[in-house]
Amino acid sequence: MPKTARVRGNGRNSTRGNSARGNSVRGNGRSRTVAVGFLLPALLLLGALVVYPIGYSVQRSLFDRSGDGFVGLDNYLSLVTDDSLRTAVRNNLIWLVVAPAVATALGLIFAVLTERVRWGTAFKLVVFMPMAISMLAAGIIFRLVYEQDPDRGVANAVWVGVHDTFAESSGFPRARPLPVHPLKATGDGAFVTKVPVRAGEPVRLPLIGVAPGQMPEEARPAREGASAAGTVSGTAWLDFTRGGGGRPNAIDAAELGLAGLRIEAVRDGEVVARTTAAADGTFSLPADRADGAVLRLPASNFREQYDGVEWLGPDFVTPAVIGAYVWMWAGFAMVLIGAGLAAVPRELLEAARVDGANEWQVFRRITVPLLAPVLVVVLVTLMINVLKVFDLVFVIAPGSALDDANVLALQLYRSSFGTDADLGVGSAIAVVLLLLVLPVMAVNIRRIRRENRR
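Notes on the structure in this doc start here. From a predicted model like this one, the values you see are computed outputs, not experimental measurements. (Residues numbered from 1 in each chain as written. Predicted model: local features only at pLDDT ≥ 70, side-chain atom pairs only at ≥ 80, totals over all residues. Heavy atoms only, no water.)

Helix and strand content of the chain: 14 helices and 8 strands. Its C-alpha atoms give the chain a radius of gyration of 38 Å, more than 25% over the compact-globule value 22 Å for 454 residues. Based on the C-alpha atoms only, the size of the chain along its principal axes is roughly 150 × 75 × 40 Å. The buried share of the chain, reckoned over its 454 residues, is 37%. Within the chain, residue pairs in contact and separated by at least 24 positions form 69% of the contacts whose partners lie at least 6 positions apart. Carbon and sulfur atoms make up 61% of the accessible area of the chain, which totals about 25,900 Å². (Helix = DSSP H or I, 4+ residues; strand = E, 2+ residues; numbered from the N terminus. Rg over C-alpha atoms; globule rule 2.2 N^0.38 Å. Buried < 20%, exposed > 50% of the residue type's maximum accessible area, 1.4 Å probe, protein only. Contact = heavy atoms within 4.5 Å. Areas by Shrake-Rupley, 256 points an atom, 1.4 Å probe, with all protein chains shown as cover.)

Pasting the structure below:
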């Protein structure tokens, strides 16, 4: 081929290559324009709803309550000098450490155990169901659960039931004798007869101060104790007649016996005999021990009944609210961990069992390490979530304990709204919350990028 032809051919090829590159550049330019056109509305919304509020909050946090005087970092310093703000920061740290860890641990336990039971799906449904209700509704539910009255609050009903199983409860709280009764107080909550008792002489132990509704169900109309030479007998009864008309120190027809009342015979400071009143209030003690002694009604008859734990008091309100949070979010953790558990190779688990590993070793050395990425996702998600917790604390904690249960999100609301609002402090709290969330988000983003490189 002549040299001229080759040059012409190379020229045509070069022209075609330049044309293709030009078309590619123009195509890329059009693609970028289209991409920017689609992203522009989202970027505008992001700027208007996220970037601008963050910038304004940072600026506003540097000014005083009115917004006119520049105070620098004084609003941030108040977070560590003001008692309520210090409590909010401390409680947020407790939330950050305890709530995600407990919810994740329970989710892991539930996910592993439900794999081994036939009704695992139904159990997962029940555990996940709290996620279907709002934080407000959950707060109202647990406000009732934590009621102090055991007849209304489920938590205290269970607690009191367990306590009463192992500790003897009082049958007649606030019961007491009248001045005209043959009983006197000892100063330690007990009552004793004013004079020693004698065999064959009926002893009367009348009391008042027991509401009819608090009388034992087995109580029957009181009757006079039988006189017998070999015993010290008598009657313990409620010396009160509904509607009036009763006589003090006398057993009237409508008056009930103090069934179950504990009675002791005491001589020289030592208990020589014990008994319990029958359904009609009658009792008897052996004369060889009780004759000449005084009868004592021990203080255990009259102490206040155990009402359980003050869940919403200053000491327990934060753990109580965290318990409500865990009740809601343990199902979320269980579902995510269960999905990760389904992807774990079963051959590894079976191989470990064949090699002699027990179930705890398989769980600790194989299952948990393989689930580590999922556990990190759940833990980080819950950590971000608890930094913003507001609804549960606001609804569950009563007004008397709200300061003790305070968290940063709640303090942000209290500082930013109302008649005593200080938008400078509120903005400072908002910035602090953002700064607390950023490291957790950075860890999450780094983890996602690391997984994408694999």
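What follows covers a positive patch on the surface. A cluster of like positive charges, contributed by Arg446, Arg449, Arg450 and Arg453, occupies part of the molecular surface. Within the secondary structure layout, Arg449 lies in helix H14 (residues 423–453). (Patch = residues over 30% accessible without salt bridge, like charges linked within 9 Å, V, L, I, M, F, W, Y side chains within 5 Å. Salt bridge = Lys/Arg side-chain N within 4 Å of Asp/Glu carboxyl O. Lys, Arg positive; Asp, Glu negative; His and termini not counted. Charge placed at Lys NZ, Arg CZ, Asp CG, Glu CD.)

Let us look at unusual backbone geometry. Look at Arg174: it is not a glycine, yet its phi comes out positive at around 70°. Looking at where Arg174 falls in the secondary structure, it is placed in the loop between helix H6 (154–166) and strand E1 (183–185). In the Ramachandran plot, Asn249 falls in the positive-phi region, its phi being about 65° despite a non-glycine side chain. Along the chain, the position of Asn249 falls in the loop between strand E4 (231–238) and strand E5 (262–267).

Our focus in this paragraph is the environment of Leu312. Checked against the element boundaries, Leu312 lands in the loop between strand E8 (294–297) and helix H8 (317–342). Sequence spacing of Leu312 and Ala88 is 224 residues, and the spatial spacing of their C-alpha atoms is 17 Å. Beyond its immediate chain neighbours, meaning those up to four positions away, Leu312 contacts Arg143, Tyr146, Val317, Ala320, Ile396, Pro398 and Ala401.

Counted according to the given criterion, the structure contains 11 salt bridges. In this structure, Glu224 and Arg204 form a salt bridge, with 2.9 Å as the shortest nitrogen-oxygen distance. In this pair, Glu224 sits in the loop between strand E3 (203–207) and E4 while Arg204 sits in strand E3, placing the two residues 20 residues apart along the sequence. The exposure class assigned to Glu224 is partly exposed, which follows from its relative accessible area of 34%. Overall, the relative accessible area of 34% leaves Arg204 in the partly exposed class. The shortest N-O distance in the salt bridge between Arg414 and Asp403 comes to 2.8 Å. One end of the pair, Arg414, is in helix H13 (residues 408–416); the other, Asp403, is in the loop between helix H12 (391–396) and H13, with 11 residues separating them in the sequence. Ionic contacts of the salt-bridge type, sharing partners, join the residues Glu264, Arg274 and Arg296 into one network.

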